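Descriptive structure summary
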Amino acid sequence: MNITQTFYDNLASQYDKLFLDWKSATKEQAAILDRLFQNEGFDTHASILDCACGIGTQAIGLAALGYLVTASDFSEGALAEAKKRAAQNAVEICFERADFRNLSHTFSKKFDIVIAMDNALPHMLSKKDLNSAIESIVGQVAPGGMFVASIRDYDALLSDKPPYSPPYIHQTDHGQRVSFQTWQWNDEHYKLTQYIIDDRDNLEVSKFECEYRATRRDELTELLISNGCKKVEWKFSKDTGFYQPILIAKR
């Protein structure tokens, strides 16, 4: 089991603590993606593959809007949590365990839209793995379809390589919760440590570790074009309302 799988397996049961209100976030993010899809000529008849679904933050919100959603992840812990939350929210999603570097091993059909949100692609720690992921993902996009992903703004972050992310402080029924990340840089790679601190009657501290490779937008754009995408564009928070830059690659 590699560091990324361990990270998400362990974090799955607490991932919702990174949000003030996870259920509201699923609705807000689904609304953002729905507007984006509609602007590109798609509606709820489109078939969607969320190939890095985690605990279902985007998949569940989109299914609630009426999209036909298939969701996959390589973390068994995240998938188990996503299945539970889909049932709790009364939405139907087909879940499969899959590595997005080898999607054709799991899926024979192609999808109108494939998504990989929340900085999933920079888990690819080498150019070779990133190219394998892009080749695999684009291969599951139907002709005329599109791939949509979000990543951190590494073009900006690589200029000063900050050692941490600003904390999120949420008031809870039992006190307050503080979540933040520390980043230890080694060239374009960095080790991320996620802390979640519940300040309640008994102080609870959780710690999860992972690694990323800071991926610039130009690198992703070039890989998408070389793997068969006809058009790649980037949209930013001021235009979309999403917390990370979003790429749209049309096939």
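Computed from a prediction, not measured in an experiment: that's the story for all the values here.

Calculation criteria
- Residues numbered from 1 in each chain as written.
- Predicted model: local features only at pLDDT ≥ 70, side-chain atom pairs only at ≥ 80, totals over all residues.
- Heavy atoms only, no water.
- Axes fitted to C-alpha atoms, helices over the stretch in contact; angles between N-to-C directions.
- Helix = DSSP H or I, 4+ residues; strand = E, 2+ residues; numbered from the N terminus.
- Parallel < 35°, antiparallel > 145°, perpendicular 65-115°, else oblique.
- Left-handed = near helix turned anticlockwise from the far one by under 90°.
- Contact = heavy atoms within 4.5 Å.
- Nonpolar A, V, L, I, M, F, W, Y, C, P; charged D, E, K, R; others polar.
- Salt bridge = Lys/Arg side-chain N within 4 Å of Asp/Glu carboxyl O.
- Buried < 20%, exposed > 50% of the residue type's maximum accessible area, 1.4 Å probe, protein only.
- Pairing = 2+ DSSP bridges.

Bringing the packing of helix H2 (residues 22-39) against helix H3 (residues 57-64) into the picture now. With their axes 8 Å apart at the nearest point, H2 and H3 run at an angle of 70° to one another. Classified by the angle their axes make, H2 and H3 are roughly perpendicular. Every pair of crossing elements has a handedness; the one defined by H2 and H3 is right-handed. The residues of H3 that touch H2, namely those facing Trp-22, Thr-26, Gln-29, Ala-30, Leu-33 and Phe-37, are Thr-57, Gln-58, Ile-60, Gly-61 and Leu-62. Of the residues that constitute the contact of H2 with H3, the class distribution is six nonpolar, five polar and no charged.

Taken as a whole, this structure holds 17 salt bridges when the rule is applied. Of the charged contacts, one joins Lys-250 and Glu-40 as a salt bridge, the two residues approaching to 3.3 Å between their closest N and O atoms. Placement of Lys-250 in strand S11 (residues 246-250) and of Glu-40 in the loop between H2 and strand S1 (47-50) is noted, with a sequence separation of 210 residues between them. Looking at Glu-40, the relative accessible area reads 18%, which means it is buried. Note that Asp-153 is salt-bridged to Arg-217, the shortest N-O span being 2.7 Å.

Of the pairings in the sheet, the one linking strand S7 (residues 175-186) to strand S8 (residues 189-199) comprises 11 bridges and is antiparallel in character. If you follow Trp-185 over to S8, its bridge partner there is Tyr-190. Following S7, the chain reverses through two residues before pairing antiparallel with S8; Asp-187 in that reversal takes a positive phi of roughly 60°. One ladder, built from 10 bridges, connects S8 with strand S9 (residues 204-213); its direction is antiparallel. By the bridge assignment for S9, Ile-197 is matched with Val-205. Taken together, S8 and the strand that follows it, S9, pair antiparallel across an intervening segment of four residues.

Geometric descriptors of this kind do not, in isolation, establish any biological role.
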